[in-house]
Amino acid sequence: MAVGPGTLPEFFPVAGVRLGIASAGIKKPGRKDLVVFELAEGSRVAGIFTTNQFCAAPVTVARQHLAEAAPRYLLINTGNANAGTGEQGLNDALRCCSALSDEVGVAAAEVLPFSTGVIGESLPVDKLVAAMPAALADLSAGNWAQAAAGIMTTDTRPKGASRQVKVGDQVIAISGISKGAGMIRPNMATMLGFVATDANIEPGLLQTLVAELGDQSFNRITIDSDTSTNDACMLVATGQNGGELITSDSPCLPPFRAALADVFMELAHAIVRDGEGATKFVTLDVSEAASQDEALAVAYTVAHSPLVKTALYASDPNWGRILAAVGRAGVEGMDLNAIEIWLGDVCLVRNGGRADDYSEERGQAVMDREEITIGINLKRGAVRERVWTCDFSHDYVTINAEYRT
């Protein structure tokens, strides 16, 4: 199941980026499960990673390598997370980097590894190494769609976004792919995201952009409140379009940032739309909060409520479940008579109870939709935050009960 059509866009090639895909047979024979990004010399890379303290070996290695050298290759495998694997896992991630670096003639620190899949199982390094020549032979600037499919795990469909933006005399290309369907909760949300542009971006600004835009997109989605061990989002700027250096003071930054933000948001929303067993795409819109923390506390409490999520799956306008979640969000001193709770354009709660003009029929009409907004107006300040989630269906339980079979 998934919400919406989920068709991939036409990807604009990013000058200085080539992608190769191969089958290593990590979990299923013949499945495309190994992806290599080749980045032009001089490319700049910035990233954000999971905050889970049991972070996977490739996360540890990628962070180290990113601090040591300018990356030239990204190496991604699915089917095995190489997480919870101790010292052996670190050695395995380093072996993979060394093997690829030997193939292409760069330093091992110029390779960033990424893995996704089952936690606690040893990485089949020999299979990965054996498939690397095929992935390198497949390198092409036009392989974005194939790469999007190659990084999938429990995803039911590939995810991608692409934009071209004209800034002065420059035409800038931005393309990206993401994966994720379960174990999704911010900081980061099991997801991987890879976005590249041929713009020339100042290094400090690149890190600022990935952090800020990641926080507004990937760190505002949740499927099941579980933060993965392997999450990473990388932003690559190759500088190959010949344009001038973009800095924080550049007049071309606002339109470029807006296009980049669109790509980040589209990739993040695609994960929610493909949430494991999802049948609804749900926006939690909390307004007039006193602070960002309190707005997000309310949004996530509602988004993570199993009772709310199962009511969404049943298309049941059981507004009491939403009210109860708002009340236990930990916000002190709420004026319950001031709060309004909305389901789409239908007011559910006003003056501390059910709105006078609410009817079950009107609530049902909204709940029957695939895309739903739950609006919560706290009437305490000027802060507004949005979080995106999905429902819980029978399929979510089935998928996760049978994940390792």
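What this report covers is the structure whose coordinates are included nearby. Keep in mind that what you see is a predicted model, and the values were worked out from it rather than measured. (Residues numbered from 1 in each chain as written. Predicted model: local features only at pLDDT ≥ 70, side-chain atom pairs only at ≥ 80, totals over all residues. Heavy atoms only, no water.)

With that out of the way, let us pick up the environment of F11. Following the sequence through the fold, F11 ends up in the segment before β1 (17–22). In the structure, F11 is positioned 96 residues away from A107 in sequence and 30 Å away in space, judged by C-alpha atoms. (Helix = DSSP H or I, 4+ residues; strand = E, 2+ residues; numbered from the N terminus.)

Going through the model one piece at a time under the given rule, you end up with five aromatic pairs. Taking the centre distance of 6.1 Å and the plane angle of 15° together, the rings of F11 and W144 count as stacked. With F11 in the segment before β1 and W144 in helix α4 (residues 144–150), this pair connects stretches of sequence that are 133 residues apart. Classification of F11 as buried rests on a relative accessible area of 14%. Owing to a relative accessible area of 1%, W144 belongs among the buried residues under this scheme. Ring centres 5.7 Å apart and planes at 80° place the aromatic pair F37 and W144 in the edge-to-face group. Here W144 lies in helix α4 and F37 lies in strand β2 (residues 34–39), a separation of 107 residues in the sequence. Taken together, F11, F37, F114, W144 and F194 form an aromatic cluster joined through their ring pairs. The ring of F281 has R273 lying over it, and the distance from NZ or CZ to the ring centre is 4.1 Å. We note K309 situated over the ring of F392; from NZ or CZ to the ring centre the distance is 4.9 Å. (Phe/Tyr/Trp six-rings, centres within 6.5 Å; stacked < 30°, edge-to-face > 60°. Buried < 20%, exposed > 50% of the residue type's maximum accessible area, 1.4 Å probe, protein only. Lys NZ or Arg CZ within 6 Å of the ring centre and 35° of its normal.)

Moving on: helix α7 (residues 292–304). At 3.6 residues per turn, the α-helix brings residues three or four places apart onto the same side. Taking 1.5 Å of rise per residue, the 13 residues of α7 would be expected to cover 18 Å, and the 18 Å separating its terminal C-alpha atoms lies within 8% of that figure. All buried positions along α7 are accounted for by E294, A295, L296, V298, A299, Y300, T301, V302 and A303. Contact partners of the buried residues in α7: β10 (281–289), α8 (306–313), α9 (319–327), β14 (371–377) and β15 (383–390). (Expected span 1.5 Å × (residues − 1). Contact = heavy atoms within 4.5 Å.)

In short, geometric facts, not functional conclusions.
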